[in-house]
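Here's the letter readout for the chains.
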Amino acid sequence: RESKPLNSPKSPIPETSTENTSPDGVIYQSTQDKTKELAEAYAKTDQLSHRYLAYRDIPSLIKEYVKGRDTLDYGAGTGISTNFLHNLGLRVIGADINPLMLEKARESFSHLSFFKIEELTAQAHFDLIFSCFVLFDMKSKKEIIDYLNNAASFMKESGTFIIITGSEELYSVS
C-alpha cells in the first residue's frame, strides 16, 4: 500500500470515511462515559509515575522498529501521548472517539492536530500506530478485536503497532 506523507503537523486528514468501521458500524466504545470532568482529570495524569514507566522504553522501540516518522496516536484522549511522540521528533496526529477528550487535547496541545477517529480515511497510512492505555477501557473481546483491526487498517505495510495497556487500578492510585 502506498502512503500519502503528512505535509505538516497541521495537515488536514482526508474526508470522512466509514470504510474502517466494524460490520456493525462500531469503531469502539468505552465502557465509561467520558465527561468533561473526566477529561480534565485525565489531562493531569501526564506527570504520574505510570506514564514514566509506560513511556520509558518507547524511544528505543521506535528507533529499532519504526521505519518512518508518520505516526497516528490512535485513542489519543487528551493528547498527552501525542505530545510525547511529537517531542520524539515524529510527525504525529491524534485521533479519538470522544469529543470532550479531543477538546482538551486541542486546548492543551494547540501545536498538534487532533481528529475524531471517524474523520480518518483509508487513504491515511502511517509508519507507526501508537495506542496508549486504551484497551483496558474496552468491555469485550469483540470490541478489542474491532479496535485493533481498525487501528491496523491505517498502518503502512511495513508499519509498526505499539500498544501500551494497564488495568483500571492504574488510575486509582492517589
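Residues numbered from 1 in each chain as written. Predicted model: local features only at pLDDT ≥ 70, side-chain atom pairs only at ≥ 80, totals over all residues. Heavy atoms only, no water.

(A) Summary view of the side chain of T82. Residue position: T82 is located in helix α4 (residues 80-87). A relative accessible area of 0% means that T82 is categorised as buried. (Helix = DSSP H or I, 4+ residues; strand = E, 2+ residues; numbered from the N terminus. Buried < 20%, exposed > 50% of the residue type's maximum accessible area, 1.4 Å probe, protein only.)

(B) Region of the structure containing the pairing of strand β2 (residues 91-96). Summarising burial for β2: 5 of the 6 residues are buried, a large majority. Here strand β1 (residues 70-74) runs beside β2; their pairing, made up of 5 bridges, is parallel. Among the inter-strand pairings, D73 is bridged to a residue of β2, identified as G94. A crossover connection joins β1 to the parallel β2 through α4; in handedness this β-α-β unit is right-handed. Bridge count for β2 against strand β3 (residues 113-116) is 4 bridges, and the pairing is parallel. Residue I93 lies in a different strand from β3, and its bridge partner there is S113. A crossover connection joins β2 to the parallel β3 through helix α5 (residues 99-108); in handedness this β-α-β unit is right-handed. (Pairing = 2+ DSSP bridges. Right-handed = clockwise from strand over helix to strand, strands pointing away.)

(C) The sheet that holds β2, seen in detail. The strand order β3-β2-β1-β4-β5 describes an open sheet built from 5 strands, whose pairing is parallel. Strands with a single pairing partner mark the edges of an open sheet, and in this sheet they are β3 and β5 (155-164). Adjacent strand axes in the sheet meet at a mean angle of 25°, parallel and antiparallel pairs treated alike. Lying over the sheet, α5 contacts β2 and β3, oriented at roughly 170° with respect to β3. Each of β1, β4 (126-132) and β5 is contacted by helix α6 (residues 141-152), which is oriented at about 140° to β5, the strand it contacts most. (Axes fitted to C-alpha atoms, helices over the stretch in contact; angles between N-to-C directions. Contact = heavy atoms within 4.5 Å.)

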